[in-house]
Amino acid sequence: MGNVASVANMLRHIRADEAIITRDPDVIRGADRVILPGVGSFQTGMQNLAEFGLIDALTDAAFVRRVPILGICLGMQLLTRSSEEGQLPGLGWLDALTVRFQFEQDTGLKIPHMGWSYVRPSRANVLLADGERERFYFVHAYHVICANKKDVIGVANYGFEFACAVNRDNVFGVQFHPEKSHRYGMSLLRKFASL
């Protein structure tokens, strides 16, 4: 939902020309890498995955064929067990919950968190530059809380430090939008495409 064309444009820009936009489960079953982008509500995102018969194909890709999978924004949130934004369960690939930002009025912080924020790697990983603070573009009202802190590979700050990049084995997720994040986004997508 939402940012599929922008992701495809950025992939073409970095010369990942083999990228295909699809909702065909058979195409996903044959993919050697999968990006699950999304903008919108958790509930609608999970409904769409179920309606198009994608949950089994995605789960097969992640856990049977073990291809690299990258969830972007809502796509990262869908990797969790559930969200405060809906009643449907998430994919449950990460032991994590998706919760809404909540701030006192006097903080002046608005929801959604929108704009550029620095991301700090919280452990060594293949997507984020080691030891370098990179800037990425965010638009989100919800964030992910991981039960296992080892699943968190990057953090950002908006009122408090929150997980904005996750990884468990071949499954990755980023809360920010690499397709809108210029050179840092291009670098991250190149690294993912090379996995």
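Since the model is a prediction, treat every value here as computed from it, not as a measurement. (Residues numbered from 1 in each chain as written. Predicted model: local features only at pLDDT ≥ 70, side-chain atom pairs only at ≥ 80, totals over all residues. Heavy atoms only, no water.)

Asker: Honestly, helix H6 (residues 182–193) in this entry has me stumped. Any pointers?
Answerer: Owing to its 3.6 residues per turn, the α-helix brings residues three or four apart onto one side. The terminal C-alpha atoms of H6, which comprises 12 residues, lie 16 Å apart, in line with the 16 Å expected from a rise of 1.5 Å per residue. Looking at the buried residues of H6, the elements they touch are helix H1 (4–13), strand S1 (34–36), strand S2 (69–72), strand S6 (134–140) and strand S10 (171–174). (Helix = DSSP H or I, 4+ residues; strand = E, 2+ residues; numbered from the N terminus. Expected span 1.5 Å × (residues − 1). Contact = heavy atoms within 4.5 Å.)

Asker: Help me understand the pairing of strand S9 (residues 161–168), please; the structure alone is not making it clear to me.
Answerer: In terms of burial, S9 is a largely internal element, six of the eight residues being buried. Bridging between strand S8 (residues 152–157) and S9 involves five bridges; their strand directions are antiparallel. The partner of Val155 across the bridge, within S9, is Ala163. Here four bridges tie S9 to S10, and the two strands are oriented antiparallel to one another. Each bridged residue has a counterpart across the sheet, and for Val166 the counterpart in S10 is Gly173. Counted along the chain from S9 to the antiparallel partner S10, the turn is two residues long, and its residue Asp169 has a positive phi close to 55 degrees. (Buried < 20%, exposed > 50% of the residue type's maximum accessible area, 1.4 Å probe, protein only. Pairing = 2+ DSSP bridges.)

Asker: Could you clarify how one ought to interpret the packing of helix H3 (residues 42–51) against helix H4 (residues 54–63) in this entry?
Answerer: A packed helix pair is summarised by two numbers, namely the angle formed by the two axes and the spacing between the axes. The N-to-C vectors of H3 and H4 enclose an angle of 90 degrees; their axes lie 6 Å apart at closest approach. Considered as vectors, H3 and H4 are oriented roughly perpendicular to each other. Together, Met46, Leu49 and Ala50 of H3 and Leu54, Ile55 and Leu58 of H4 make up the contact between the two elements. Tallied by class, residues from the contact of H3 with H4 come to six nonpolar, no polar and no charged. (Axes fitted to C-alpha atoms, helices over the stretch in contact; angles between N-to-C directions. Parallel < 35°, antiparallel > 145°, perpendicular 65-115°, else oblique. Nonpolar A, V, L, I, M, F, W, Y, C, P; charged D, E, K, R; others polar.)

Asker: Before we go on, may I ask you to explain the state of the cysteines in this structure?
Answerer: Working definition of a disulfide: a covalent bond connecting the sulfur atoms of two cysteines. Under the criterion given, the structure shown has zero disulfides. A disulfide-free cysteine, Cys73 has its sulfur positioned 12 Å from the sulfur of Cys164, the nearest such atom. (Disulfide = S-S within 2.5 Å.)

Asker: Got a minute to help me understand the packing of aromatic side chains in this structure?
Answerer: What describes a pair of aromatic rings is the distance from one ring centre to the other and the angle between the planes of the rings. Summed over the entire model, instances satisfying the criterion amount to 13 aromatic pairs. With a centroid separation of 6.0 Å and an interplanar angle of 45 degrees, the aromatic rings of Phe103 and Phe160 are classed as tilted. Taken as a pair, Phe103 in the loop between strand S4 (96–100) and strand S5 (113–121) and Phe160 in the loop between S8 and S9 lie far apart in primary sequence, 57 residues in all. Site record: aromatic cluster; members linked through ring pairs are Phe101, Phe103, Phe136, Phe138, Tyr158, Phe160, Phe162, Phe176 and Tyr184. One Lys or Arg, Arg23, reaches over the ring of Phe52 and ends 4.0 Å from the middle of that ring. Directly above the aromatic system of Tyr118 lies the positively charged group of Arg133, at a separation of 3.9 Å from the ring centroid. (Phe/Tyr/Trp six-rings, centres within 6.5 Å; stacked < 30°, edge-to-face > 60°. Lys NZ or Arg CZ within 6 Å of the ring centre and 35° of its normal.)

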